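Listed here are the chains, written in short residue letters.
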Amino acid sequence: MVVGVAGAALAASCSRGGGAEQEAAPAGSAGRAPAPLTSVARARARGADAGQAGADAGQARQVAAVKELAVRRLAPGAAIAIDGRLDEPAWQAAARTGPFVNVGTGREDRSLPTQGEARLLWDEAFLYVGFDVSDGTITGGFPQGARDPHLWERDTVEVMIDPDGDGDNKDYYEIQISPQNLVFDSQFDDYNAPRGGASGPFGHQEWSAGLASAVELRGTIDDDSDEDRGYVVEAKIPWSSFAKARSAPPSPGDAWRMNFYAMQNNGGAAWSPILGQGNFHRARRFGRVRFVGPDGEMGGAGAPASNVGSAPVPSPSAPPAATSAAGAKPGAVGAKPGASVPSTSAGPKPGFRADPPDR
């Protein structure tokens, strides 16, 4: 896992040139030592260094800030069909996380093998979550109907939910849904606890989210002879499943802590980066999801809420010529995600895997 962001910013600022101006050397002075800087040039150099340091510090603060997202309630009369398509008008206006980032650096990294974004909605009965994932090799490989398979070992999306919103890792939930539309769900009392060993169980696996989900594929699952484009996961999770929550459903103005991941082989990209502070379960790095009314109002305040740092963005993958989760190949597939910006290293990029591993 990468080193701390502040240290990286400092190292970056130290490695850059100061941008200082020097007095021109007299004609015929080749090989002579450069003329000393004047007081004006030295002042300019100091100003340039200070400006660069300030910019680096600002970038570090921006990366380290916990993400925030205002999620609107479904408008009266609106409905969501769980079919893996995200094509209802409500989804088009839903809050979006924006492209997931490198979990170690907090920045977009198109060389990672999986990319994605999530959308969120809610009503009095359900939390609605939609994932759009770009993946050049869609992998399943689990028996159909398997109960709590280790989905993180292959391809999956993941939702972490801390209903209290305090980020203390007490009483949080994990939900994963794979391209096969299989589910792993569990409830944890504390950070990665309880844990039954290297093979599990992980948390209280007897807990069930009671969710309904559907998957739409853009490619052929478990067939590496072609290039896939990814998949869409759509789910609705009943509030009644969150027995550890202080209040469920939430009220407008309430904030829960959540994180969203697109995963492959126990690594992946995240909405809110972990920045070396633990693994994907680190609740203090989960983003803040604030629930607001259909017009953005929060409780009795009446003022619309904005999606801080999370303005809607285009989907990270091309519009699907998609098929159902049965795995039929679409008529056309796109280029492998990230192919235009290949990784410069043979192994995974820093921050792709959790530190320490989730499992």
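Use the structure listed above.
Computed from a predicted model, the values in this text were never measured in an experiment.

## Notes on the overall build of the protein
Here is step 1: Helix and strand content of the protein: three helices and 14 strands.
Here is step 2: In the protein, which comprises 359 residues, the proportion classed as buried is 47%.
Here is step 3: Contacts spanning at least 24 positions in sequence make up 71% of the contacts within the protein whose residues lie at least 6 apart.

## Considering the packing of aromatic side chains
Here is step 1: Throughout the structure, instances matching the rule amount to 17 aromatic pairs.
Here is step 2: Relative to phenylalanine 260, the ring of phenylalanine 131 lies with its centre 6.2 Å away and its plane at 65 degrees, an arrangement referred to as edge-to-face. In this pair, phenylalanine 131 is assigned in strand 5 (residues 126–135) and phenylalanine 260 in strand 11 (residues 255–264), connecting sequence segments 129 residues apart.
Here is step 3: The exposure class assigned to phenylalanine 131 is buried, which follows from its relative accessible area of 2%.
Here is step 4: Relative accessible area serves as the criterion here: at 0%, phenylalanine 260 is assigned to the buried category.
Here is step 5: Judged by centre distance (5.0 Å) and plane angle (85 degrees), the ring pair of tryptophan 152 and phenylalanine 184 falls under edge-to-face. Separated by 32 residues along the polypeptide, tryptophan 152 in the loop between strand 5 and strand 6 (155–162) and phenylalanine 184 in strand 8 (residues 183–188) bring together distant segments of the chain.
Here is step 6: Tryptophan 152 gets classed as buried once you look at its relative accessible area, which sits at 2%.
Here is step 7: Taking the relative accessible area as the measure of exposure, phenylalanine 184 reaches 0% and is therefore buried.
Here is step 8: Between arginine 73 and the ring centre of tryptophan 122, over which it is positioned, the NZ or CZ distance is 5.2 Å.

## Some details on the pairing of strand 12 (residues 267–270)
Here is step 1: As judged from the two bridges shared by strand 3 (residues 101–102) and strand 12, these two strands associate in the antiparallel manner. The residue of strand 12 that forms the bridge with asparagine 102 is alanine 269.
Here is step 2: Sheet topology places strand 11 next to strand 12; four bridges connect them, and they run antiparallel. In the strand pairing of strand 12, alanine 262 is matched with alanine 269.
Here is step 3: Taking the residues that link successive antiparallel strands as the turn, the strand 11-strand 12 hairpin has two residues, and the phi of asparagine 265 there is positive, at about 55 degrees.

## Some words on unusual backbone geometry
Here is step 1: Looking along the chain, the bond that leaves alanine 193 and enters proline 194 is cis, with omega of 0 degrees.
Here is step 2: Along the chain, the position of proline 194 falls in the loop between strand 8 and strand 9 (212–218).
Here is step 3: Residue proline 201 is bonded to the preceding glycine 200 through a cis peptide linkage, with omega at 5 degrees.
Here is step 4: Inspection of the secondary structure puts proline 201 in the loop between strand 8 and strand 9.
Here is step 5: The phi angle at asparagine 266 is positive, at roughly 60 degrees, despite the residue not being glycine.
Here is step 6: Note that asparagine 266 resides in the loop between strand 11 and strand 12.

## Notes on the pattern of salt bridges
Here is step 1: On inspection of all chains with the given rule, the structure shows eight salt bridges.
Here is step 2: Across the pair arginine 85 and glutamate 216 runs a salt bridge, and its minimum N-O distance is 3.2 Å. Of this pair, arginine 85 sits in the loop between strand 1 (68–72) and helix 3 (89–92) while glutamate 216 is found in strand 9, placing the two residues 131 residues apart along the sequence.
Here is step 3: Since its relative accessible area comes to 48%, arginine 85 is described here as partly exposed.
Here is step 4: The class of glutamate 216 is buried, set by a relative accessible area of 5%.
Here is step 5: The shortest N-O distance in the salt bridge between aspartate 132 and arginine 218 comes to 2.7 Å. With aspartate 132 in strand 5 and arginine 218 in strand 9, this pair connects stretches of sequence that are 86 residues apart. The residues aspartate 132 and arginine 218 share a single accessibility class, namely buried.
Here is step 6: Each of Arg147, Asp148 and Asp185 takes part in a single network of salt bridges with overlapping partners.

## Re the side chain of serine 111
Here is step 1: Looking at the secondary structure, you find serine 111 in the loop between strand 3 and strand 4 (114–122).
Here is step 2: Under the relative-accessibility criterion, serine 111 is labelled buried at 17%.
Here is step 3: There is a polar contact of 2.5 Å between the side chain of serine 111 and the side chain of aspartate 109.

## Focus: the pairing of strand 4
Here is step 1: For strand 4, the buried fraction is high: nine of the nine residues fall into the buried class.
Here is step 2: Taking every second residue as pointing to the same face, both faces of strand 4 are buried, with Thr114, Gly116, Ala118, Leu120 and Trp122 on one and Gln115, Glu117, Arg119 and Leu121 on the other.
Here is step 3: Across two bridges, strand 2 (residues 95–96) lies against strand 4 in antiparallel orientation. Pairing of arginine 96 across the sheet is with arginine 119, part of strand 4.
Here is step 4: Pairing analysis gives nine bridges linking strand 4 to strand 5, with the strands arranged antiparallel. The residue of strand 5 that forms the bridge with glycine 116 is valine 133.
Here is step 5: From the end of strand 4 to the start of strand 5, which pair antiparallel, there are three residues.

Parameters at a glance
- Residues numbered from 1 in each chain as written.
- Predicted model: local features only at pLDDT ≥ 70, side-chain atom pairs only at ≥ 80, totals over all residues.
- Heavy atoms only, no water.
- Helix = DSSP H or I, 4+ residues; strand = E, 2+ residues; numbered from the N terminus.
- Buried < 20%, exposed > 50% of the residue type's maximum accessible area, 1.4 Å probe, protein only.
- Contact = heavy atoms within 4.5 Å.
- Phe/Tyr/Trp six-rings, centres within 6.5 Å; stacked < 30°, edge-to-face > 60°.
- Lys NZ or Arg CZ within 6 Å of the ring centre and 35° of its normal.
- Pairing = 2+ DSSP bridges.
- Salt bridge = Lys/Arg side-chain N within 4 Å of Asp/Glu carboxyl O.
- Polar contact = N/O pair within 3.5 Å; in protein donor to acceptor, adjacent residues only side chain to side chain.

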